[in-house]
Amino acid sequence: MNKNISRIESVIKDTLKINPERADETQKFIDMENSEKISLLRKMIRIRRFEEKVTNYKLDGKILGPVHTCVGQEAVNVGVCSALSDHDYIVGNHRSHGYMIAKGAKINLLMAEIFGKSTGTNGGKGGSMHVSDISIGSLGASGIVGSGLPVACGAAFASQYKNDGKITCVFFGDGASNEGTFHECMNLASIWKLPIIFLLENNGVAVTTLLKGVSASLDLYHRAQSYGISSKQIDGQNVEEVYYTVKSAIASIKEGKGAVLIEAKTCRFHEHQEGHAYLRMSDVGYRDKQEVNYWIANKDPIKLFSNKLIAEDIIATSEIEHIYAEENHNIENAIAYADISSFPSNEDAYSNVFIK
Amino acid sequence: MKMTYGTAIREALLKELEDDKSVVLFGEDIQHNLYGYTDNLVNIFGKKRVINTPLSEAAIVGTAVGAAMCGLTTIVDLTVANFLYVAMDQIANMAAKTNYMYNGQFKLPLTIMVSTLYNSSSAAQHSDRPHPIFMNTPGLKIVVPSCPQDAYSLLRSAIVDENPVIYFSDRSLFYTKEDVDVNCNIKIGQASVLTEGSDITVVTISGCSKIAMDLLPELINENISAEIIDVRSLVPLDINTIKKSVRKTGRVVIADTAHKSCSAASEISSILAEDLFYDLKAPIGIVAYDDVPVPFAKNLELQIMPTKEKIYQKVVNIMQFNK
Ligand SMILES: Cc1ncc(C[n+]2csc(CCOP(=O)(O)OP(=O)(O)O)c2C)c(N)n1
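It should be emphasised that the depicted structure is a prediction, and the values quoted were computed from it without experimental measurement.

S.K.: Any chance you could explain unusual backbone geometry here in plain terms?
M.R.: Trans peptide bonds make up the majority, and among non-glycine residues the majority have a negative phi. Residues and elements named next belong to chain B. A cis amide bond, omega -10°, links Val235 with the succeeding residue Pro236. Tracing the backbone shows Pro236 in the loop between β12 (233–235) and α8 (239–249). Positive phi outside glycine occurs at Asp29, with the angle close to 60°. With respect to the element layout, Asp29 can be found in the loop between β2 (23–27) and α2 (41–45). For Asp29, a relative accessible area of 53% corresponds to the exposed category.

Set out below in structure tokens:
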């Protein structure tokens with residue numbers, strides 16, 4: 001038993017080998033307000049509750065089609081989007097609920113979209129993988145792995161061209177880092193010094209394919225070096241570290257130093273998608289279940305941050321319980337809203353193929 | 001002003017770059033273009049707006065998509081039509097679906113320019129005319145200009161359009177020359193009746209228009225009164241103009257530069273068969289590339305491609321058909 005735990009701990013250490021540069025970053029911004037820290041915690045709780053509901057409704061058959069949740073990865077979404085300003089752009093991928101909520105999306109509209117309703121962010125034409133809302137700076141989410149990176153480069157190009165001061169952040173996984181677009185875009189962003197953050201959520205697995213089977217190096221941030229892009233590897237379970245690193249990246253971009261790659265090491269607590277077919281995959285042995293359980297027990301970003309805030313006397317346990325209650329309530333409302341909303345009318349199938 | 005098809009493209013780019021500072025032009029070798037259609041633009045507008053790109057077709061098309069979503073008007077020159085395939089995901093999954101998937105939250109004023117290089121001994125990988133592939137990708141407009149005036153006016157319309165447009169120029173027409181009215185506005189989606197006639201409708205796509213027009217004296221000689229209609233754009237397709245003509249003539253030949261299977265010609269044919277069955281006096285005739293990759297040897301390409309002789313023969317056959 002003990003032997004097993006120490007083996008897992010060494011595995012974790014390997015997967016979460018921390019880049020020494022990162023320590024300095026956190027020191028630069030020690031002035032986060034307590035209220036802001038609590039807001040980070042609240043957003044993570046909101047996402048977790050949202051995703052848990054979505055998980056259940058998918059199992060019940062109330063939600064159709066592919067649904068990817070970000071349970072376990074909330075600190076990345078929240079740390080990044082809280083560091084960005086409202087007008088900054090984000091471009092997402094198939095696992096798209098978390099950063100939308102973190103960037104301030106209305107969860108009623110988000111849930112309605114996931115239910116395929118006319119009141120959804122995309123009028124029911126996008127669904128879970130494509131939730132998008134330009135009013136919060138979201139430039140869409142693409143379900144084709146790696147395809148958001150070029151679009152993000154374009155947004156960053158437009159900002160540079162117009163000199164509007166906006167930053168673009170594109171989210172993608174370790175799987176996407178093996179797509180050609182990753183390499184094309186790193187090169188492009190580097191030569192054009194685009195104001196863009198490449199946010200690589202390295203959860204070590206793409207569906208059932210472990211990174212270690214498909215990449216010679218588990219440290220993907222090294223890849224940025226050959227393109228002349230500065231990069232960092234960070235603990236994606238530590239929301240403050242994510243936040244500070246992104247703040248620092250933004251500062252560097254605003255100094256004109258160009259694109260940044262941030263590799264956040266994290267863990268996907270659920271299966272690749274929700275639903276019965278994917279639940280089955282948790283028993284086929286493509287990844288070490290004990291390792292995942294270790295992450296869930298010891299590296300849950302919400303637990304880690306709750307404990308830290310309690311230890312620092314920033315929040316009391318009862319207040320955290322209160323946040324949970326409020327967010328539960330908000331999510332219940334979102335479900336009710338999605339539920340009573342109507343489906344799009346059949347004629348809507350023909351609208352917006354082209355803009356008139 | 002007299003200009004060649006190639007010059008017309010340059011003049012349209014120049015005008016749009018001049019008119020609107022949010023227009024940017026990306027492309028491979030765009031600052032020193034081999035065929036002259038971007039001559040001097042970089043000196044006039046600078047490297048910030050006439051942008052040489054790395055050979056990263058997916059990244060470039062995607063960049064143009066993203067920049068268009070964020071308020072710029074983007075033009076990408078991918079040069080040869082075959083290179084579209086390298087950027088296929090960004091074209092078919094991103095550009096084509098952005099309006100629809102996000103339910104109209106964004107505008108997408110994007111123009112992708114390519115040239116088709118058939119009948120030029122360019123062999124299989126540099127000779128494609130892949131417009132039908134994109135007709136089967138809802139969300140993209142497709143223009144296929146066949147003369148300098150259309151090249152000019154349709155390019156300007158494509159650039160200002162708030163939807164993604166693929167602009168197929170035809171390299172076989174690059175040095176054709178005619179008077180171009182720079183104030184003539186042609187909306188995308190309007191076919192052009194090149195010549196009126198009463199016996200048979202000849203619908204032409206891209207370079208086939210010129211071939212058909214060259215054939216006109218021979219048809220007149222044979223006492224065949226042909227109505228030649230150049231589609232000018234495939235999406236949207238001005239099917240009403242075609243139908244009106246076929247209702248009148250009852251006979252139709254469609255000439256397409258694409259390979260025959262699932263071509264623009266076969267699509268037009270299918271619409272006519274569905275909608276005008278009782279108006280047709282004869283089967284619908286199609287002349288297109290045979291369904292083989294384009295061979296290098298000159299005689300082999302002539303063997304498989306639509307030629308003057310093949311269109312002539314098809315027209316005569318359809319004219320001779322009696323129910
Ligand atoms: C181009 C492409 N190939 C394959 C897929 C199927 N697919 C969807 S998500 C996914 C895994 C992506 O892994 P990663 O980028 O690491 O993101 P994660 O799911 O771990 O968040 C795959 C293979 C796809 N959607 N697009």
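S.K.: Any chance you could explain the pairing of strand β10 (residues 200–204) of chain B here in plain terms?
M.R.: The side chains of a regular strand alternate, residue by residue, between the two faces of the sheet. All names here are of chain B. Within β10, five of the five residues are buried, leaving the element largely enclosed by the surrounding structure. Residues Ile200, Val202 and Thr204 line one face of β10 and the alternating positions Thr201 and Val203 line the opposite face, and both faces are buried. In the classification by handedness, the crossover that spans β10, the intervening helix α7 (residues 208–221) and the parallel strand β11 (residues 226–230) is right-handed. Where β10 and strand β13 (residues 252–259) come together, four bridges link them in parallel fashion. Note that in β13 the partner of Val202 across the bridge is Val253.

S.K.: Teacher, can you tell me more about the sheet that holds strand β4 (residues 196–202) of chain A here?
M.R.: Remark on secondary structure: sheet strands pair via backbone hydrogen bonds, oriented parallel or antiparallel. Residue and element names in this part refer to chain A. The sheet built from six strands is open, its strands ordered β2-β1-β3-β4-β8-β7 with parallel pairing. Every other strand in the sheet has two partners, leaving β2 (138–141) and β7 (230–235) as the edge strands with one partner each. Along the sheet, successive strands turn relative to each other by an average axial angle of 15°, direction set aside.

S.K.: Looking at this model, I keep getting lost on the pattern of salt bridges. Mind explaining?
M.R.: In a structure, side chains of opposite charge can pair up when their charged atoms sit close to one another. Residue and element names in this part refer to chain A. Tallied over the entire structure, the rule returns 27 salt bridges over all chains. The residue Glu240 makes a salt bridge to Lys37 at a minimum N-O spacing of 3.7 Å. Here the residue Glu240 occupies a position in helix α10 (residues 239–254), and Lys37 occupies one in helix α3 (residues 34–59), the gap between them amounting to 203 residues. In this structure, Glu240 and Lys37 share a single accessibility class: buried. Linking Arg42 and Glu326 is a salt bridge whose minimum nitrogen-to-oxygen distance equals 2.7 Å. Within this pair, whereas Arg42 is found in helix α3, its partner Glu326 is found in helix α14 (residues 317–340), the two being separated by 284 residues in sequence. By relative accessible area, which is 24% here, Arg42 ends up partly exposed. Judged by its relative accessible area of 30%, Glu326 is partly exposed. A single salt-bridge network, built from bridges that share partners, covers Lys37, Glu240, Lys308 and Glu312.

Rules used in this analysis
Residues numbered from 1 in each chain as written. Chains lettered and ligands numbered in written order. Predicted model: local features only at pLDDT ≥ 70, side-chain atom pairs only at ≥ 80, totals over all residues. Heavy atoms only, no water. Helix = DSSP H or I, 4+ residues; strand = E, 2+ residues; numbered from the N terminus. Buried < 20%, exposed > 50% of the residue type's maximum accessible area, 1.4 Å probe, protein only. Right-handed = clockwise from strand over helix to strand, strands pointing away. Pairing = 2+ DSSP bridges. Axes fitted to C-alpha atoms, helices over the stretch in contact; angles between N-to-C directions. Salt bridge = Lys/Arg side-chain N within 4 Å of Asp/Glu carboxyl O.

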